[in-house]
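Chain residues, written in single-letter form:
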Amino acid sequence: MADLYQYRETPEEPLDCLYILQGTGVDSVGRMELGPKDRRALKAKARALSPRGAEGEVISGECPLQMAHRVTFVGLGDEKELTHAKLRKALRRVVRQATRNHEYQIGLAVPVKIRGLSDAESRVFALLEAALADYTFDHFKSKKNEFDKIDGLHIVPMAGETEEELGERLQRIRLYANSVRLARDLGNRPGNDLTPEALASMAREVCGEGSGIRVTILGPKELAKEKMGGILAVSQGSDEEPRLIVLEHRPKKPKKSIVLVGKGVTFDAGGISLKPAKDMGWMKYDMCGAATVLAVLNAVAQLELPFKVVGLIPAAENLPSGGALKPGDIISMANGKTVEVDNTDAEGRLLLADALVYAERFHPDFIIDYATLTGACVVALGHEAAGIMGNDREFLDTLVRMGDEVGERVWPLPLYEEYFSYLKSDWADMKNAGSRWGGPVTAGSFLEQFAPAKASWTHMDIAGVAYSERERSGLPVGASGFGVVLTLSWLESLRK
Ligand code: BES
Ligand code: MN
Ligand code: ZN
């Protein structure tokens with residue numbers, strides 16, 4: 001991972017290349033904080049190279065400044081239409097070219113304005129995208145691509161941006177970017193490596209001593225004591241024991257209480273309702289909700305937020321075996337409600353339900369759960385937004401607005417009371433799955449039966465956005481870390 005530095009006009013050694021991002025008709029050099037001499041020289045060079053700023057354009061030449069050997073202009077297209085995705089793609093292009101050219105120290109000028117964002121917000125997210133642009137997951141490769149990776153990104157200040165201001169921004173960005181990277185790394189780890197138990201050790205490691213977070217891990221015995229029939233049922237076909245991971249950030253006199261719940265199915269074969277072999281491998285990503293919660297809690301401790309923030313991660317592996325849960329089985333959940341298991345592949349809601357019941361003891365004002373819950377949500381929204389459902393319209397609206405701002409889009413789906421009738425069981429209080437119709441919302445309706453009634457609760461179905469089979473919109477293959485930035489931004493906004 002490349003470190004972020006503040007640009008110095010007189011570096012000890014010249015940088016390998018200075019990258020300047022700009023849109024059509026935009027004079028980025030004019031927007032950079034540079035001494036008059038450097039500015040004049042760069043402007044002359046820009047005139048000579050005459051980049052147009054078109055999307056995808058990359059033009060390089062010799063750098064007229066002391067500070068770098070070469071200069072490259074990277075086009076963004078019409079700036080009025082600039083989105084997070086376009087910026088991500090352009091920065092990914094920068095990283096690719098730098099890697100190909102063996103440039104280890106690069107300068108980066110991203111004086112851009114993202115559509116719908118203020119100058120200050122645009123700045124923060126431009127820096128964040130820059131900090132994430134070189135992400136790859138090579139943990140299991142013998143030959144690391146690290147050698148070819150960039151060592152340092154030297155960020156050029158924008159006109160009017162003081163050194164202090166940029167320094168503060170970079171500090172915040174480092175924290176955000178590290179959390180996103182952590183979520184991606186966790187998501188990308190395969191099922192044999194990241195078992196429920198391994199996830200619990202990771203939680204201990206990340207949020208362990210010194211972080212101020214209290215970590216409690218419940219195993220099968222404790223889960224039985226809590227009557228968590230959902231978590232136990234999901235795991236009973238696997239040799240891997242289930243866990244409920246509890247992470248608590250508890251400042252003195254907290255102003256609010258917030259609980260974040262993340263689906264931690266470390267592999268989802270579907271159980272006895274076995275999934276088809278094709279594409280089953282992607283189900284190692286069925287713990288991306290858990291990864292988001294863990295990564296957020298890691299940052300929460302460092303941000304010293306004045307709220308109680310609790311992370312709950314029910315973790316289990318969903319496999320078929322002689323001891324596995326079967327269709328038709330009736331189980332009893334942590335709040336005593338009974339569920340007829342119609343489909344063992346609808347396992348996420350079973351383990352989330354127990355965690356939602358457990359959330360009540362923290363007297364939450366807000367609850368968000370994150371889950372790769374339904375394929376039907378991917379059918380509905382594709383890979384462009386997560387589906388959100390809940391009991392507080394205002395909270396949903398806030399998340400939609402903030403999601404747009406930070407480039408992690410969410411879109412509301414309804415929770416009409418009629419949906420619960422789709423889950424009617426002849427033998428138990430409810431079934432865990434309905435017919436084909438209304439996949440995401442029947443899942444939401446199921447969860448609603450277990451969410452503490454007094455809290456503002458949002459369920460986020462991240463099945464379509466948590467990972468990708470290929471590089472998409474400038475995001476890498478694999479886990480995206482979706483939800484980390486949105487949640488941290490929302491939590492920080494509660495401070496005001
Ligand atoms: N983990 C899956 C959902 C999923 C599907 C996530 C595709 C990402 C991509 C979940 O446990 C599941 O299997 N859901 C079922 C529910 C159905 C049986 C009611 C589904 O979506 O088919
Ligand atoms: Mn499933
Ligand atoms: Zn699942």
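Details of the structure are given in the entry above.
Fair warning: this is a prediction, and the values are worked out from it, not measured in the lab. (Residues numbered from 1 in each chain as written. Chains lettered and ligands numbered in written order. Predicted model: local features only at pLDDT ≥ 70, side-chain atom pairs only at ≥ 80, totals over all residues. Heavy atoms only, no water.)

The next point concerns the coordination of the zinc ion (ligand 3). In this structure, Lys263 (NZ), Asp268 (OD), Asp286 (OD) and Glu347 (OE) serve as the protein donors to the zinc ion (ligand 3), at separations of 2.0 to 2.4 Å. Viewed at the metal, the 6 donor atoms of the zinc ion (ligand 3) are separated by angles of 78 to 176 degrees, and the geometry they form is octahedral. Sequence spacing among the residues donating to the zinc ion (ligand 3) works out to K-x4-D-x17-D-x60-E. A separation of 3.2 Å is found between the zinc ion (ligand 3) and the manganese ion (ligand 2), which share aspartate 268 as a coordinating residue. A residue pair is termed long-range when its members are at least 10 positions apart, and lysine 263 in the loop between strand E9 (257-262) and strand E10 (264-268) and glutamate 347 in the loop between strand E13 (338-340) and helix H10 (348-359) qualify at 84 residues. By relative accessible area, which is 1% here, lysine 263 ends up buried. Take glutamate 347: its relative accessible area is 1%, and that puts it in the buried class. (Donors = N, O, S within 2.8 Å, 3.2 Å for Na, K, Ca; no water. Tetrahedral: all angles 85-135°; square planar, octahedral: opposite > 155°, others 65-115°. Helix = DSSP H or I, 4+ residues; strand = E, 2+ residues; numbered from the N terminus. Buried < 20%, exposed > 50% of the residue type's maximum accessible area, 1.4 Å probe, protein only.)

Around ligand 1 there are 16 residues in total, and Asp268, Lys275, Asp345, Glu347 and Gly375 lie nearest to it. At 2.8 Å, a side-chain N or O of glutamate 347 approaches an oxygen atom of ligand 1. Note that an oxygen atom of ligand 1 is positioned 2.7 Å from one of the backbone N or O atoms of glycine 375. Out of a free accessible area of 520 Å², ligand 1 has 78% covered by protein chains. Taken together, the residues of the shell around ligand 1 sort by class into 5 nonpolar, 4 polar and 7 charged. (Near = heavy atom within 4 Å. Polar contact = N/O pair within 3.5 Å; in protein donor to acceptor, adjacent residues only side chain to side chain. Areas by Shrake-Rupley, 256 points an atom, 1.4 Å probe, with all protein chains shown as cover. Nonpolar A, V, L, I, M, F, W, Y, C, P; charged D, E, K, R; others polar.)

Ranked by internal contacts, the top residues of the largest apolar core, which has 106 residues, are Leu21, Leu247, Met460 and Trp490. A domain split of this core shows at least three residues from each of domain 1 (3-181) and domain 2 (194-493). If near-sequence neighbours (up to four positions away) are discounted, methionine 460 is found in contact with Ile368, Asp369, Tyr370, Ala371, Ala386, Gly387, Ile388, Val410, Phe482 and Leu486. Counting 47 residues, the second-largest nonpolar core is a separate cluster that includes Val259, Val261, Ile331 and Leu423. (Core = buried A, V, L, I, M, F, W, Y, C linked by side-chain atoms within 4.5 Å. Domains from an automatic or database assignment. Contact = heavy atoms within 4.5 Å.)

Geometric descriptors of this kind do not, in isolation, establish any biological role.
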